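Architecture at a glance
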Amino acid sequence: QVQLVESGGGLVQAGGSLRLSCAASGSIISINTMGWYRQAPGKQRELVARITSGGTTNYADSVKGRFTISRDNAKNTVYLQMNSLKPEDTAVYYCNADIILSISRTVRYWGQGTQVTVSS
């Protein structure tokens, strides 16, 4: 069984910073792309950032220059450093990972979500 466990959310003032972490555990051979999504009340879930196993990244336009995604492959962990936070960044943040379970099976898993609230 594979689990993704997120941590690091919370309440911060506008202009502040938070760092999210998401650790994968279980019967994992390796992990392809890992990413962060977010969902604000009344809105659809949207991609924030993702990173391939080789380190290639891409970001939503709304967070470019403020957020940085990184990963530690040895720890099966992905991070999201969020700087210069804005009230519109308020959302539940979810991590996901494309996990290779066997030579012929890759499954996308999701974390449980962590709340990020930015006050003005």
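Read on for an overview of the structure.

Rules used in this analysis
- Residues numbered from 1 in each chain as written.
- Predicted model: local features only at pLDDT ≥ 70, side-chain atom pairs only at ≥ 80, totals over all residues.
- Heavy atoms only, no water.
- Helix = DSSP H or I, 4+ residues; strand = E, 2+ residues; numbered from the N terminus.
- Buried < 20%, exposed > 50% of the residue type's maximum accessible area, 1.4 Å probe, protein only.
- Contact = heavy atoms within 4.5 Å.
- Areas by Shrake-Rupley, 256 points an atom, 1.4 Å probe, with all protein chains shown as cover.
- Lys, Arg positive; Asp, Glu negative; His and termini not counted.
- Charge placed at Lys NZ, Arg CZ, Asp CG, Glu CD.
- Disulfide = S-S within 2.5 Å.
- Salt bridge = Lys/Arg side-chain N within 4 Å of Asp/Glu carboxyl O.
- Phe/Tyr/Trp six-rings, centres within 6.5 Å; stacked < 30°, edge-to-face > 60°.
- Lys NZ or Arg CZ within 6 Å of the ring centre and 35° of its normal.
- Pairing = 2+ DSSP bridges.

The secondary structure content of the chain amounts to zero helices and eleven strands. Counting from the amino terminus, helix and strand elements in the chain follow one another as β-β-β-β-β-β-β-β-β-β-β. Seen through its principal axes, the chain has C-alpha atoms that stretch 50 × 25 × 25 Å. Of all 120 residues assigned to the chain, the portion counted as buried reaches 41%. Taking contacts inside the chain between residues at least 6 apart in sequence as the whole, the part at least 24 apart equals 55%. Surface summary for the chain: the accessible area is close to 6300 Å², and the carbon and sulfur share equals 46%. Of the charged side chains in the chain, 12 are positive and 7 negative; the average position of the first set lies 3 Å away from that of the second.

Before going further, it helps to examine the state of the cysteines. A disulfide bridge is the covalent bond that connects two cysteines by way of their sulfur atoms. Per the stated rule, a full pass over the model turns up one disulfide. Two residues, Cys22 and Cys95, share a disulfide whose sulfurs are 1.9 Å apart. Residues Cys22 and Cys95 are joined by a disulfide whose S-S torsion is about 45 degrees; by sign, that bridge is right-handed. With a gap of 73 residues between them, Cys22 in strand S3 (residues 18-25) and Cys95 in strand S9 (residues 91-102) connect regions that are remote in the sequence.

Tallied over the full model, the rule gives five salt bridges. Between Asp61 and Lys64 there is a salt bridge whose closest N-O contact spans 3.1 Å. With a closest N to O distance of 2.7 Å, Asp89 and Arg66 form a salt bridge. You can see Asp89 sitting in the loop between strand S8 (77-82) and S9 and its partner Arg66 sitting in the loop between strand S6 (57-59) and strand S7 (67-72), a full 23 residues away along the chain. Of the two residues examined, Asp89 and Arg66, each falls in the buried class. Via salt bridges that share partners, Arg38, Glu46, Arg66 and Asp89 belong to a single interconnected network.

Another point: the packing of aromatic side chains. Applying the stated criterion across every chain, the model contains one aromatic pair. A cation sits over an aromatic face here: Arg45 above Tyr94, 3.8 Å from the ring centre. Seen from the ring of Trp110, Arg45 lies directly overhead, with NZ or CZ sitting 4.8 Å from the centre.

Our next topic: the pairing of strand S11 (residues 114-119). Only one face of S11 is buried, namely the one carrying Thr114, Val116 and Val118, since none of Gln115, Thr117 and Ser119 on the opposite face is buried. Here four bridges tie strand S2 (residues 10-13) to S11, and the two strands are oriented parallel to one another. Considered in S11, the bridge of Val12 is made with Val118. Alignment of S9 against S11, held across three bridges, turns out to be antiparallel. Bridge pairing in S11 links Ala91 to Val116.

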